[in-house]
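If you want the building blocks of each chain, they are given just below.
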Amino acid sequence: MPGDDRGEQVGTVAGPNRPHCAIAGGGPGGVLLAYLMARAGLRVTLLESRPDFRRDFRGDSLHPYTLELLDLLGLAEPLLRLEHSRATRFRFHTSAGTVTTADYGRLPGPFPYVALMPQWRFLDFLADQATVFPGFRLLLGSKVTGLVEEDGRIQGVRYRDETGEHRLDADLVIGADGRFSRMRRLADLPARSLGASSDILWFRLPRRAGDPPTADADLYFGPGHYVSTLGQDDSWQVGYTVPKGGYPDAKRAGVGPIRDFLTARVPWLADRVEDLADFDQITLLSVEISRVQRWHRPGLLLLGDAAHVISPVGGNGILMAIQDAVTAANVLIPVLREDRAPDETALAEVQRRREPAIEQVQQAQVRTEHRVAGVIAEGGDFRPGLLLRTALRIPAVRRRAARSNAYGPVPPRLDLALLDPAADHSPGGTT
Ligand SMILES: Cc1cc2nc3c(=O)[nH]c(=O)nc-3n(C[C@H](O)[C@H](O)[C@H](O)COP(=O)(O)OP(=O)(O)OC[C@H]3O[C@@H](n4cnc5c(N)ncnc54)[C@H](O)[C@@H]3O)c2cc1C
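Bear in mind the structure is a predicted one, so any value in this text is a computation, not a measurement. (Residues numbered from 1 in each chain as written. Predicted model: local features only at pLDDT ≥ 70, side-chain atom pairs only at ≥ 80, totals over all residues.)

1. Thoughts on the site of the ligand
Right, on to step 1. The local shell around the ligand holds 36 residues, among which Gly 27, Gly 59, Gly 178, Gly 304 and Gly 317 are the closest.
Right, on to step 2. Those elements giving two or more residues to the shell around the ligand turn out to be α1 (28–39), β2 (44–48), β9 (143–150) and α8 (317–337).
Right, on to step 3. Top element by residues in the shell around the ligand is α8. It accounts for four residues.
Right, on to step 4. Here the residues of the shell around the ligand are counted per class, giving 14 nonpolar, 13 polar and nine charged. (Near = placed C-beta within 6 Å. Helix = DSSP H or I, 4+ residues; strand = E, 2+ residues; numbered from the N terminus. Nonpolar A, V, L, I, M, F, W, Y, C, P; charged D, E, K, R; others polar.)

Shown next, in the form of structure tokens:
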């Protein structure tokens, strides 16, 4: 892995080598922000607790917004040369028939599809691209364990790697460490839960010749559960919902009921349900929809899942983290470039710009939870009503649904001029 300087003692870096920014968490939000800051000529250190980006059971969707952003950065073409599939529609398979709820193929932009690529492949790619910038530094296997707080301001982080404990000072600390964010806890920025009525059990089944194309994003509904199938290189990542807190009961019941449900509702998987032999093959995702009221403290900003946990419903989590990173770059790069630590006003501005979109996405998820997942969680079977089925026959309705999912409610536009380190960005400058 390029830039992987595990084992090096960073200690307290002062003077001209002190990072402008230390980012805790190498998910889509953290890696993109590190890339953008490094490309803008800033010194940025990205700390990721794991030894690589290969985490299992993560979101894999790169929406048209993300692809257009990467295109603007000159990265879409090389990224899309890597193995991926393209989802052009989102479908519900129910006992009342199949409905297409969103039709990306009808979007007018250059990428009328959602690219499905294992998240680690995307993160590896982006981190590789960042290594060409001299200010970029990636510390893998480096877990942030504490905050350095002095004079009422967060001045850096403490982290642990295989060589021991270290301290890294920076003008700004970003907490992009995901849904179980330690930074959120360390900074005492509690999240408020907005409720969720289901949890998801994830497991893998093999892919076989003659399977449906991996390109479609499909949900299969039945009494008490629904199943999502995400096609990957050589397997299907299968998500099976249980009522919130239902994991112990499901585990007691064993894999039999899950196999039975798949056989009945996803018949093309029936020939391999025996591959799910043991509950140990299953990973629990506790579904959560929650938001931190205040995303910042002096010297620290939370973004992505650390600031707002998005449920997998609708597959918006990566998009929201990416858009947070774009907004943070737009607001914070000009300040950091002047070697100033961003004040509370700048940090609050990132939250002010992003919160309306997050609120809208989460409200839609809570509504879906009540209408769909709530029915399922009570043992019912979700069937789209006549009104919904009729509306979804109208192409413009499916296109509008795809559009709102593809770009999110308030898509930020990256200020590309900021990324030119040579340009004069002073108030009277030329850019
Ligand atoms: C099973 C599952 C399926 C999902 N499906 C989808 C989907 O289809 N589409 C979609 O858009 N979203 C999906 N999501 C949600 C999506 O993965 C997240 O919303 C998105 O990854 C959030 O990005 P992030 O950068 O905020 O944080 P994350 O991607 O969570 O990254 C956080 C990173 O921080 C690291 N970290 C944690 N603690 C520390 C620490 N103390 N020090 C250093 N590093 C640390 C972690 O190892 C991790 O790499 C899914 C999530 C799950 C769990």
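Now that the structure has been shown, the text picks up again.
2. Examining the domain arrangement of the protein
Right, on to step 1. Once the domains are mapped, the protein shows domain 1 (15–85 + 116–193 + 289–370) and domain 2 (198–243 + 246–285).
Right, on to step 2. Taking only C-alpha atoms into account, the centre of domain 1 sits 31 Å from that of domain 2.
Right, on to step 3. Listed by partner, the interface residues are seven residues for domain 1 and eleven residues for domain 2.
Right, on to step 4. Looking at the side of domain 1 that touches domain 2 residue by residue, the classes come out as four nonpolar, one polar and two charged. (Domains from an automatic or database assignment. Contact = placed C-beta atoms within 7 Å.)

3. Here we look at helix α7 (residues 256–265)
Right, on to step 1. Among all positions in α7, only Ile 258, Leu 262 and Arg 265 are buried. Take α7 and look down its axis: the buried residues cluster within an arc of 90 degrees, on one side only. Exposed residues lying more than 90 degrees from the buried face of α7 are Gly 256 and Ala 264.
Right, on to step 2. Buried residues in α7 make contact with β15 (217–222), β16 (225–231) and β17 (235–243). (Buried ≥ 20, exposed ≤ 12 C-beta atoms within 10 Å, placed from the backbone. Arc of directions from axis to C-beta.)

4. Some remarks on the nonpolar core
Right, on to step 1. Formed by 118 residues in total, the largest nonpolar core has its most connected members in Ile 23, Leu 33, Ala 34 and Met 37.
Right, on to step 2. Not counting residues within four places of it along the chain, the set of residues in contact with Ala 34 comprises Ile 23, Val 44, Leu 46, Ala 130 and Phe 136. (Core = buried A, V, L, I, M, F, W, Y, C linked by C-beta atoms within 7 Å.)

5. Quick word on the packing of α1 against helix α4 (residues 119–130)
Right, on to step 1. Packing of α1 against α4 brings their axes to within 9 Å, and their N-to-C directions diverge by 20 degrees. Taken together, the axes of α1 and α4 lie roughly parallel to each other. Of the two elements, α1 crosses α4, and the hand of that crossing is left-handed. Residues Pro 28, Val 31, Leu 32, Ala 34, Tyr 35 and Ala 38 of α1 form the contact with α4, whose own contacting residues are Leu 123, Leu 126, Ala 127, Gln 129 and Ala 130.
Right, on to step 2. A breakdown of the residues in the contact of α1 with α4 according to their chemical character gives ten nonpolar, one polar and no charged. (Axes fitted to C-alpha atoms, helices over the stretch in contact; angles between N-to-C directions. Parallel < 35°, antiparallel > 145°, perpendicular 65-115°, else oblique. Left-handed = near helix turned anticlockwise from the far one by under 90°.)

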